[in-house]
Amino acid sequence: MTTTCPGRPPGFDGSVARLGATEPGIGPAWEDELRVVCPRPDSSSSRLCANGDPIEFAFVWPAGELRATCDPAPGAAPGARLERARAAGEGRLSVRQRAAVTRLADWAGGAGRYGGWVGSRLTAGQVTRKLYVEIVDAAPWQDWWPTGRLLWSPGSAVPASLAVMAGLDEVDGTLEVYFRVPRIHPDTLCELLSRAGLPPHRRALTAELARLTGQAVRGYLPGRDQGLSIVLAPDGHARALTWYTHAGMLFGPPARARAAYLAAGRRAGWPMETYARLTAADADQATPDHGLAGVRIDRDGGLASSITCGLRPPGGSRR
Amino acid sequence: MFDLTTAREIAYGPGGELSVRVFRDRTEKNIWYMEPAPRLRIQNSQPVFSLTRYLSNDSEVAGVLTFDVELHAPQDAKLAAEREIPEIEAWGDFTWVSGDAFFDQTFPGPGGVMVPLVTQTPSLFGSNVASFQVAVATPEEVATFVAAFTTPGGVSPCRVEYQMGVLTQLLAAEARVVYKADVAIDYERTYATKKDTWGNRKSVLVGVKQTLKESGAGDVRVTPGAGVSDEIKQMVTDWAWTTLENQVAAAVDAARALAQGNQSPVSVTSDFTRTYSEDAIVEWSTPVSANLPRFDDATWPRLYREVDNRELVVTFALAGDLYGPDDVDLFEYVTVEVRYPTRTTDNTFQLIPGDDDAVSKTYVAPGGGTFDPNYEYRYTVQFGGGTPAYESAWISETATLVVLRPSDFGIRNVTFLGQNVPFGTTVEKVLIDFFEVPPGDLPSKMQVKEMTANGEAGQVSFSSAYHVPITNIYNYRLRYLLKTGTTVVYQPGQQFGSANADLVMVLDPAPSLANMAVRGLVSAKKKGFLDVSLHASYYDVQNSAHELTHRWTGWNPPRKVGIQSAETWYFDAQPDPETAYFDLSGQIVYGEGMLLLPVNGLKLPYKNGPLFLSDTEELLSVEIFSDAIDWEAVTLVTLNLFQAVDEAGEIAAGEAPKTGFALAELDDPEVAAGFTQPIAYSVLKPADGVKRLPSFYTLRRPISSEKIVFYYNGDYVLATGGAVAVDETAVTGKLQLHLPPLPPAGGGRGIVHRVEIPVASL
């Protein structure tokens, strides 16, 4: 395949071609999988990405893992999309996880903003899935998980948090709960980590953000809209906490985000080739949209940075 | 002054989870400085904190939260630093030159309880106390606060942040900050429907902070000097972003005066680039923040009260630089007396400068029946040293926070500091002309001082003490005497005294990147512009700039409703804001009816920012001549020009004529809504090297209107004291306003005149 990235039109075919060009095998194998979970990959009416893309890639470093989140039914009603997502992602979940999905679906009652998504990742040649289910506004989630008590009460460390989504991973049986939170302070995060039984490494997170953005964190963590997710192991213990914000709020336009990750990756020796190819500017010099930037703190003190990117520039393709 | 290249991060507290930054003094190697942290203030072993709930159903307020915070250097942090850095023998105190404190918090609850951002001005002395008062809207929100401060464990979720400025030398790196106005406009247009971006006056800085980076309109480039560590580079980058945010916030704020009608202030900002070279004296600022504590069961009952009716709660605070030369207090104390019907005794208290326990006072009067926000207060200042005390008249007020600034006591201190002036090479010295309007009939005079060195060594201060309240406004003019014998003049507009310190940075007079932007406002798809062709010449006669020209040919702005930007013209200049201008000629073809209007000698003042074309208006300029003024008798002439606008914020074509009214009437928002923001001109008495040049005002005429209407007022401040107002001046045939030598005595100050000229007569 002769692919010169900058000239390639953006979109699903272009993105798959870019992936295939770096790692032979990944393109065809994964392309089939993505077409199964996202039957309309060229749709521009999905609510998954701000620009309407129905597929969003995510990179996680230092390992350089590549993942995708897909809209199984762009343009469909939330209830219908959740049905499709469950059909694609519920099959290999544990009994406990399935019970959680049923409860979340009952809470939603076919309503909500989007319903659910399907995550797909290729690990050691094996394709695995993660089911994402929306937590609707009216859901009484506060008393359901240990995370509920951590993140909701008038006197909680993080005020005004709201559970928005659950992710169920078929590989390790974990349940990841995603929260929208107001701007939070590193000290608050530190307190939260410590309450969740995770290592309260305040300075590790802020140092990583400073390394990525080129700007020290003084005061609150940057970005107006922020999110947190907590991964709960099957035994109910927290396994990791991830802090998110919009890449646009951290870096500005996508080209700046891309430059920042490439520079940080180069300094840290991360594998950046796939990311660099996938996000190369198109013929109009536009860089694919970047979504959420995150930093994860694991139970063993490990740290990981992640970024999501769409198929096309913000506002869709210029072509 | 501290040396920022010596910055060290010190871990302290249990497990070393907390950290502070320390710096060494530049000359005294055994003196170090510690960045302080905020904390709740304790007075007489009690937290200065109170939450009150009103049990009766007041429609607006269900309770009030008041508390004082201050800055301090934690003792265990000092001990940790001393262990790590054995050479520390003493701790220095930062000399703050500016400061702000913030409290903002979002809580969960029905519909998401939101406490709006509260900004406070901390005192610049002692422990920098800031007194907050937060009105709590609903009983649910009061309950939320109660839970936040009483739920066991850790600290409360409520957080305060300080941003304090301190002078230092940028030893480590060169920093360049860049702002691109058209990117910001584009961003604002895209997101205008989503949020109130930069338009909210009180939180403009917060808005800018939130949006500058994500819009891509701001950029920072730091070039580290030799041997500079990554950490120092990081600090300088961080500081440069803060500086850019502050400058953009100031630009947006200043642009409010230029934004006409419904224009957003962002659309009237211009690009700028500023480079801070190594060695520049800069205002260093980094935010520090901390959570407020939670209270135990023994303490809480003393801090929380429930009362039947809403009380009158007013915080009185001293702010500003209250020290004179040699750090002497400018006054001894202020006695404040409050009059409110429900509290008849114990209505008098003292505020004492430099005393953290007496720098502010929260006055509480019991509620009774229907809440009445109106109260009266008066203050008496004891200056000491034999100066008679000043007692104010009774002042009617409804504000819950009364800040008493030095100008309220007739005291002003303004310091000028050289930042990057090439003394010794190109600049001989800088003469600073300083002028303020004296109160009452006191004689006025221009103070002139010389600056011959950068930094604190060469700093020049102007102090005045009238001992009666003065307006918080002053004017200054910088005259750079160059070694070549020429003079470069820089006179910005009127300065409003800052909340707590007045520091003017005197910059390099060398030409730097200036620009002119052209924007077109398309009001409807069928209107817009078919063709804009303009030729611009830049003139700065005062500073003998060579004529520079630029041409926009056949610009055809997209006919999309909103603001469109033409390519910006960049050139090197050091404009005198008071007199530099662009002379424009060419033609504009308006979309509606293909109307062609020539542009013939339109003079656009440089300080007015971008050329803002509207598809419903023609631009014209008024030339203001000040060469006839009798400068033997007059020290300053202030002039305001403005136009009437209709309900939609467009220049009014047929407004009801109104003349002979007082400018002060515009203080009433309802009256002000009928006019554009007055553009102020300050004409200072000439001095050596200063030419007598005309000023310009840009007028807008609705294309459909047959006449041009504008309003003006002019006041002459007399050398002998007092002021007289410009009488009605005939403007016919030419758009020129000739200021008379000296208006006849007796003319009331601030009287506004209306000028109406038929287009056909021009």
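Keep in mind the model is a prediction, meaning the values are calculated, not measured.

### Structural notes on the overall build of chain A
- On a plain count of helices and strands, chain A comes out with 10 helices and 10 strands.
- Relative to the 2.2 N^0.38 estimate, which gives 20 Å for 319 residues, the radius of gyration of chain A is 19 Å and therefore close to what a compact globule would have.
- Based on the C-alpha atoms only, the size of chain A along its principal axes is roughly 55 × 45 × 35 Å.
- The proportion of buried residues among the 319 residues of chain A is 60%.
- Taking the intrachain contacts of chain A between residues at least 6 apart in sequence as the baseline, contacts between residues at least 24 apart amount to 63%.
- Element-wise, carbon and sulfur atoms account for 52% of the exposed surface of chain A, whose accessible area totals about 12,100 Å².

### Details of the state of the cysteines
- By the definition in use, this model includes zero disulfides over all chains.
- Its sulfur unpaired, Cys309 of chain A is 9.0 Å from the next cysteine sulfur, which belongs to Cys49 of chain A.
- Here Cys158 of chain B is not cross-linked by a disulfide; its sulfur's nearest cysteine counterpart is in Cys190 of chain A, at 19 Å.
- Of the residues examined, Cys158 of chain B reaches a relative accessible area of 0% and is grouped as buried.

### Side note on the side chain of Asn413 of chain B
All names here are of chain B.
- Looking at where Asn413 falls in the secondary structure, it is placed in strand β27 (residues 411-418).
- Judged by its relative accessible area of 14%, Asn413 is buried.
- Here Ser463 takes part through its side chain, which lies 2.8 Å from a polar atom of the side chain of Asn413.

### Here we look at the sheet that holds strand β34 (residues 503-506) of chain B
Residues and elements named next belong to chain B.
- Across the sheet, which stays open at both edges, the three strands sit in the order β30-β27-β34 with mixed pairing between neighbours. Each end of this open sheet is capped by a strand with a single partner; those strands are β30 (460-465) and β34. For this sheet the average axis-to-axis angle between neighbouring strands, irrespective of direction, equals 15 degrees.
- Of the pairings in the sheet, the one linking β27 to β30 comprises six bridges and is antiparallel in character.

### Regarding the nonpolar core
- With 102 residues, the main nonpolar core has Leu4, Phe49, Leu65, Phe67, Phe103, Tyr179 and Val236 of chain B as its most contacted residues.
- Here this core gets 11 residues from one element, more than from any other, and that element is helix α5 (residues 230-255) of chain B.
- Those residues within four positions of Phe49 of chain B in sequence are excluded, and the remaining contacts are Leu40, Leu65, Thr66, Phe67, Phe149, Phe295, Trp300 and Leu303 of chain B.
- Listed in part, the 75 residues of the second largest apolar core include Phe57, Ala139, Leu189 and Leu205 of chain A.

### Concerning the sheet that holds strand β51 (residues 736-738) of chain B
Residues and elements named next belong to chain B.
- The three strands are arranged β48-β44-β51 in an open sheet whose pairing can be described as mixed. Looking at the sheet topology across the chains shown, the edges are occupied by β48 (695-702) and β51. Between one strand and the next, the sheet's axes are offset by a mean angle of 25 degrees, whatever the strand orientation.
- For strand β44 (residues 617-625) and β51, the ladder comprises three bridges, and the chain directions are parallel. Each bridged residue has a counterpart across the sheet, and for Phe625 the counterpart in β51 is His738.

### Some details on empty space enclosed by the protein
- Taken as a whole, this structure holds 11 cavities of 30 Å³ or more when the rule is applied.
- Its boundaries defined by the atoms lining it, the largest cavity holds a volume of some 730 Å³.
- Lining the largest cavity are 33 residues; nearest its centre among them are Arg183, Tyr220 and Pro222 of chain A together with Lys209 and Glu245 of chain B.
- For the lining of the largest cavity, the element with the highest residue contribution is helix α4 (residues 204-215) of chain B, accounting for six residues.
- Of the residues assigned to the lining of the largest cavity, the class counts are 15 nonpolar, seven polar and 11 charged.

### As for the interface of chain A and chain B
- Contacts between the two partners involve 35 residues from chain A and, on the opposite side, 41 residues from chain B.
- Interface of chain A and chain B: buried area, both sides summed, is about 2,900 Å²; carbon and sulfur atoms make up 44% of it.
- Across the contact surface, chain A and chain B share one salt bridge.
- Our enumeration of links across chain A and chain B arrives at five residue pairs in polar contact (both at pLDDT 80 or more).
- If you list the elements that add at least two residues to the side of chain A that touches chain B, you get α6 (186-195), α7 (202-213) and α8 (247-251) of chain A.
- Ranked by the residues each element gives to the side of chain A that touches chain B, the list is headed by α6 of chain A, at five residues.
- Of the residues assigned to the side of chain A that touches chain B, the class counts are 15 nonpolar, 11 polar and nine charged.

About the cut-offs
- Residues numbered from 1 in each chain as written.
- Chains lettered and ligands numbered in written order.
- Predicted model: local features only at pLDDT ≥ 70, side-chain atom pairs only at ≥ 80, totals over all residues.
- Heavy atoms only, no water.
- Helix = DSSP H or I, 4+ residues; strand = E, 2+ residues; numbered from the N terminus.
- Rg over C-alpha atoms; globule rule 2.2 N^0.38 Å.
- Buried < 20%, exposed > 50% of the residue type's maximum accessible area, 1.4 Å probe, protein only.
- Contact = heavy atoms within 4.5 Å.
- Areas by Shrake-Rupley, 256 points an atom, 1.4 Å probe, with all protein chains shown as cover.
- Disulfide = S-S within 2.5 Å.
- Polar contact = N/O pair within 3.5 Å; in protein donor to acceptor, adjacent residues only side chain to side chain.
- Pairing = 2+ DSSP bridges.
- Axes fitted to C-alpha atoms, helices over the stretch in contact; angles between N-to-C directions.
- Core = buried A, V, L, I, M, F, W, Y, C linked by side-chain atoms within 4.5 Å.
- 1 Å grid on protein atoms, 1.4 Å probe; cavity = no way out; pocket = protein on both sides within 12 Å on 5 of 7 lines; lining within 4 Å.
- Points joined across faces, edges and corners; volume = space filled by probe spheres on them.
- Nonpolar A, V, L, I, M, F, W, Y, C, P; charged D, E, K, R; others polar.
- Buried area = accessible area lost by both parts, 1.4 Å probe.
- Salt bridge = Lys/Arg side-chain N within 4 Å of Asp/Glu carboxyl O.

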